[in-house]
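# Coordinate analysis (summary)
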Amino acid sequence: MQLPTTFEALIEESQQLDLYKKLIHQLNKDLKLANIDLDFHEEILPSSLKLLLHETVYKLIQEKFIEYLNLLYIIDVPEKSIEQLDGSDTLKLSDDVSFLILKREWQKVWFRHQY
């Protein structure tokens, strides 16, 4: 499996394979497991999804770091990927982490669809 390298490529691939709604469902499921009070409607625009997820991750990093780590653990974002990010700019970090979260959720949905 070749993982998308940008948010736009990820969304495009999920829509081409008609798996965008399943991606949203998977994300909602894992957010609920992590006790994060955020539930995306399955018809959410990709731009809104990106913005809301980015905002939520930013707030978690700033205000609720333990919950942020718990979310990464539940979604199973690779620790190596997180370690490679530059943590000096929290806004950029939260954007990068948001993409890593969506990328991992996409992997789960794609594998379930393929196998």
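Rules behind the numbers
- Residues numbered from 1 in each chain as written.
- Predicted model: local features only at pLDDT ≥ 70, side-chain atom pairs only at ≥ 80, totals over all residues.
- Heavy atoms only, no water.
- Salt bridge = Lys/Arg side-chain N within 4 Å of Asp/Glu carboxyl O.
- Helix = DSSP H or I, 4+ residues; strand = E, 2+ residues; numbered from the N terminus.
- Buried < 20%, exposed > 50% of the residue type's maximum accessible area, 1.4 Å probe, protein only.
- Arc of directions from axis to C-beta.
- Contact = heavy atoms within 4.5 Å.
- Expected span 1.5 Å × (residues − 1).

Under the criterion given, the structure shown has six salt bridges. Between Lys59 and Glu55 there is a salt bridge, and its shortest N-O distance comes to 3.8 Å. You can see Lys59 and its partner Glu55 sitting in helix 3 (residues 46-63), four residues apart, about one turn around the helix. Given the relative accessible area of 43%, Lys59 is considered partly exposed. Here Asp96 makes a salt bridge to Lys92, at a shortest N to O gap of 2.8 Å. Of this pair, Asp96 and Lys92 both sit in helix 6 (residues 90-114), four residues apart, which is roughly one turn of the helix. It is possible to trace a salt-bridge network through shared partners that takes in Asp30, Glu105 and Lys108.

Residues spaced three or four apart along an α-helix face the same direction, because each turn holds 3.6 residues. When helix 1 (residues 7-16) is considered as a whole, its buried residues turn out to be Phe7, Leu10, Ile11 and Ser14. Each buried residue of helix 1 sits inside an arc of 95 degrees when the element is viewed along its axis, so together they form one side. Facing away from the buried side of helix 1 by more than 90 degrees, the exposed set consists of Glu8 and Gln16. Next to the buried residues of helix 1 lie helix 2 (20-33), helix 3 and helix 6. Just downstream of helix 1 lies Asp18, where phi reads positive at about 55 degrees.

Most peptide bonds take the trans form, and the phi angle of most residues other than glycine is negative. Although it is not a glycine, Asp18 sits at a positive phi angle of roughly 55 degrees. Within the secondary structure layout, Asp18 lies in the loop between helix 1 and helix 2. The exposure class of Asp18 is exposed, given its relative accessible area of 68%.

Right, let's talk about helix 2 for a bit. Compared with an ideal rise of 1.5 Å per residue, which puts 14 residues at 20 Å, helix 2 spans 20 Å between its outermost C-alpha atoms and is within 8% of the ideal. Residues of helix 2 that are buried in the fold lie against helix 1, helix 3, helix 4 (65-75) and helix 6. Immediately downstream of helix 2, the backbone of Asn35 shows phi near 60 degrees, a positive value.

Once that is clear, we can look at the environment of Phe99. Mapped onto the elements of the fold, Phe99 is located in helix 6. Taking the C-alpha atoms as reference points, Phe99 and Thr5, separated by 94 residues in sequence, lie 9.1 Å from one another. Not counting the four nearest positions on each side in its chain, Phe99 is found in contact with Pro4, Thr5, Thr6, Phe7 and Leu10.

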